[in-house]
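Each chain, letter by letter, is given below.
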Amino acid sequence: MKHRKIKINAKTPYDVIIGKGLLSELAEHIEFDRAKTAVIITDDNVYPLYESAVRKPLENAGFKVLSYVFENGEKHKNPAELINIINFLAENKVTRADFIIALGGGIVGDMAGFAAGIYLRGIKYIQIPTTFLAAVDSSVGGKTAVNLTGGKNLAGLFYQPYAVICDPETFETLGDVTFADGVSEAVKHGFIHDENLFGKLKGKTRTEYMKDIVEIVARNVEIKGEIVASDEFEKGQRQLLNFGHTAAHAIEKCTEHAYSHGQAVALGMLIMARAAYKKGYCECDFSGEIEEAFSGFSRVLNMNFTAKQLYEAGLSDKKRHGGKINIIIPERVGKCVIKEIDAEELFEVFKSGLEERQ
Ligand code: GLY
């Protein structure tokens, strides 16, 4: 199948290339001087699966290749691991002419991107997302971060990659929960911005997703790219991408990551759609439509937390400014809007979002 190439018009523009089998022809898409060093940053889940598939074509094309591997999991997305990565770069005398490859899911991409952004005040990095979630969301748009004790992604940079290269064949090795994490973000893109995409994804099973995977990833990247190009630094429209995420981050924090990010986002979208209707911010309750969108997956949609727990966990959210917080609410399927509320009102929002669901 033909590869898709989508240009992201950030301040420093770059291409996202999507195609089955792309890993094996990686070097053809990297336009650097072949004498350079490539540093693959990955985790111990992805390393045995795809490191050599990335390493070989680069070595054959004349690159020197180094690898840094850290332990998988959200708890390793922390400042100490970030320092280990940049020390590794320094010990190996990596220069500004060299480049990093972020090979893996969102955690790898966020950490490697952050390291690329601060090491020597910035070196190039290429995102190679190996999860559906990273392909449709975190690999595009230049958000990089680590978690702090106070909350998720609280330290980071906006630092765009040099390119994103996505081979959806890597999604074949994902567990069902991890695959469904990507479904949450894809459904979110449809719900906030593209009614047609939302309709196409509704009720699809994993097999059905994989049949159209190049086109699905491409449409998601186009949507994300359009929003990022209009507001790279999240002063306005980019906040729409946070639909369900204030609740999701609160869920992740108060349950100590008992739910995966995608599960938390799915729950967060249901809570916010229900709350927006109950609070009179919109005319319809779209939570049923959102729930239906996930019907091809056995998702954990039970909510074992209270509004108070969510509120307390949600107060450290980055979207808070002074005593106010921006929430994203639906106007209709395919169009969401930003609404500023008093931060204290968030408790009532979560409470109405949880009503009749527990
Ligand atoms: N994941 C939301 C964003 O990149 O803005």
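As the structure is a prediction and not an experimental result, all values here were calculated from the model.

Novice: I keep staring at the nonpolar core and nothing clicks. Help me out?
Specialist: Soluble, globular proteins show a tendency: their nonpolar side chains are buried together. Ranked by size, the top nonpolar core spans 77 residues in total, and within it Phe132, Phe171 and Val217 carry the most contacts. In terms of residue count, the dominant contributor to this core is helix α10 (residues 261–278) (11 residues). Once residues lying within four places of it in the same chain are set aside, the contact partners of Val217 are Ile18, Phe132, Ala135, Val136, Cys166 and Phe171. In terms of nonpolar packing, the next biggest core, distinct from the first, is built from 23 residues, Ile41, Phe70, Leu89 and Tyr125 among them.

Novice: Help me understand the environment of Leu22, please; the structure alone is not making it clear to me.
Specialist: Position of Leu22 among the secondary structure elements: in the loop between β2 (14–18) and β3 (37–43). The spacing of Leu22 and Val94 is 72 residues in sequence and 26 Å in space, taken between C-alpha atoms. Setting aside chain neighbours within four positions, we find Leu22 in contact with His3, Ile17, His29, Ile165, Cys166 and Asp167.

Novice: What is the right way to look at the layout of surface pockets in this model?
Specialist: To find leftover empty space, one rolls a probe the size of a water molecule over the atoms. Of the volumes computed, that of the second largest pocket is approximately 420 Å³. Lining the second largest pocket are 23 residues, with Asn147, Leu148, Gly151, Lys152 and His257 sitting closest to its centre. At the level of secondary structure, the elements contributing two or more residues to the lining of the second largest pocket comprise β7 (143–148), β8 (151–158), α9 (245–254) and α12 (307–314). The greatest single-element share of the lining of the second largest pocket, amounting to four residues, is contributed by α9. Broken down by class, the residue content of the lining of the second largest pocket amounts to five nonpolar, nine polar and nine charged.

Novice: Would you mind showing me how to read the site of the ligand here?
Specialist: Every residue close to the ligand is listed here: Asp137, Lys143, Lys224, Glu234, Arg238 and Leu241. In this structure, an oxygen atom belonging to the ligand sits 3.0 Å away from a side-chain N or O atom of Lys143. For the ligand, an oxygen atom lies 2.7 Å from a polar atom in the side chain of Arg238. Against a free-state accessible area of 200 Å², the protein chains account for coverage of 91% of the ligand. Grouping the amino acids of the shell around the ligand by side-chain chemistry returns one nonpolar, no polar and five charged.

Novice: What exactly am I supposed to notice about the sheet that holds strand β5 (residues 99–104) here?
Specialist: For sheets, the rule is that strands pair by backbone hydrogen bonds, running either parallel or antiparallel. Taken together, seven strands build an open sheet; the order of strands is β1-β2-β9-β6-β5-β3-β4 and the sheet is mixed. Looking along the sheet, the strands with just one partner apiece sit at the ends: β1 (4–8) and β4 (64–70). The average undirected angle you get between the axes of adjacent strands in this sheet is 20 degrees. Sheet topology note: the β3/β4 ladder contains seven bridges and is parallel. By the bridge assignment for β4, Ile41 is matched with Tyr68. Along the sheet face, helix α3 (residues 106–118) touches β3, β4, β5 and β6 (124–129) and points at about 165 degrees away from the line of β5.

Novice: Please explain helix α2 (residues 79–91) as it appears in this structure.
Specialist: Structurally, the α-helix is built with 3.6 residues per turn, so residues lying three or four positions apart point the same way. The end-to-end C-alpha distance of α2 is 18 Å, a good match for the 18 Å that 13 residues give at a rise of 1.5 Å each. Listed in full, the buried residues belonging to α2 are Glu81, Leu82, Ile85, Ile86, Phe88 and Leu89. The buried residues of α2 occupy an angular sector of 150 degrees when projected down its axis, which confines them to one face. Among the structural elements, β3, β4, β5, α3 and β7 are those in contact with the buried residues of α2.

Novice: I keep staring at the environment of Leu82 and nothing clicks. Help me out?
Specialist: Checked against the element boundaries, Leu82 lands in helix α2. C-alpha of Leu82 to C-alpha of Asn153: the two residues are 71 residues apart in sequence and 13 Å apart in space. Discounting residues that sit within four places of it in the chain, Leu82 has contacts with Met111, Phe114, Ala115, Ile118 and Val146.

Novice: Can you help me understand the packing of α10 against helix α13 (residues 345–354) in this one?
Specialist: Any two packed helices are characterised by the angle at which their axes cross and by the distance between the axes. Between α10 and α13, whose axes approach to 7 Å, the crossing angle comes to 105 degrees. What the angle tells us is that α10 and α13 run roughly perpendicular. Facing Ile271, Met272, Arg274, Ala275 and Lys278 of α10, the residues of α13 in contact are Val349, Phe350, Ser352, Gly353 and Leu354. In the contact of α10 with α13, the residues fall into six nonpolar, two polar and two charged.

Novice: Please clarify how the packing of aromatic side chains should be interpreted in this entry.
Specialist: Each aromatic ring pair is specified by the distance between its two centres and by the angle formed by the two planes. One pass over the structure, following the stated rule, counts 17 aromatic pairs. Seen in terms of ring centroids, Phe132 and Phe171 are 5.7 Å apart; in terms of plane orientation they differ by 40 degrees. Their pairing is tilted. Here Phe132 is found in helix α4 (residues 132–138), whereas its partner Phe171 is found in the loop between β9 (163–166) and α5 (176–193), with 39 residues between them in sequence. An identical accessibility class is assigned to Phe132 and Phe171; each is buried. Their ring planes at 25 degrees and their centres at 5.0 Å tell us that Phe132 and Phe179 sit as a pair that is stacked. Of this pair, Phe132 sits in helix α4 while Phe179 sits in helix α5, and the two are 47 residues apart along the sequence. The buried category is assigned to Phe132, whose relative accessible area is 0%. Ring-pair connections join several aromatic residues into one group, and the members of that group are Phe132, Phe171, Phe179, Tyr209 and Phe297. Looking at Lys339, its charged tip hangs above the ring of Tyr281, at a distance of 4.8 Å from the centre.

Novice: Hey, could you run me through empty space enclosed by the protein in this one?
Specialist: Applying the stated rule across the entire model yields one cavity of 30 Å³ or more. Lining the largest cavity are 11 residues; nearest its centre among them are Asn242, Gly244, His245, Thr246 and Ile328. Elements with a minimum of two residues in the lining of the largest cavity: α9 and β11 (324–332). Across the lining of the largest cavity, the residue classes break down as five nonpolar, five polar and one charged.

Quick notes on the rules
Residues numbered from 1 in each chain as written. Predicted model: local features only at pLDDT ≥ 70, side-chain atom pairs only at ≥ 80, totals over all residues. Heavy atoms only, no water. Core = buried A, V, L, I, M, F, W, Y, C linked by side-chain atoms within 4.5 Å. Buried < 20%, exposed > 50% of the residue type's maximum accessible area, 1.4 Å probe, protein only. Helix = DSSP H or I, 4+ residues; strand = E, 2+ residues; numbered from the N terminus. Contact = heavy atoms within 4.5 Å. 1 Å grid on protein atoms, 1.4 Å probe; cavity = no way out; pocket = protein on both sides within 12 Å on 5 of 7 lines; lining within 4 Å. Points joined across faces, edges and corners; volume = space filled by probe spheres on them. Nonpolar A, V, L, I, M, F, W, Y, C, P; charged D, E, K, R; others polar. Near = heavy atom within 4 Å. Polar contact = N/O pair within 3.5 Å; in protein donor to acceptor, adjacent residues only side chain to side chain. Areas by Shrake-Rupley, 256 points an atom, 1.4 Å probe, with all protein chains shown as cover. Pairing = 2+ DSSP bridges. Axes fitted to C-alpha atoms, helices over the stretch in contact; angles between N-to-C directions. Expected span 1.5 Å × (residues − 1). Arc of directions from axis to C-beta. Parallel < 35°, antiparallel > 145°, perpendicular 65-115°, else oblique. Phe/Tyr/Trp six-rings, centres within 6.5 Å; stacked < 30°, edge-to-face > 60°. Lys NZ or Arg CZ within 6 Å of the ring centre and 35° of its normal.

Nothing here speaks to function; it is geometry throughout.
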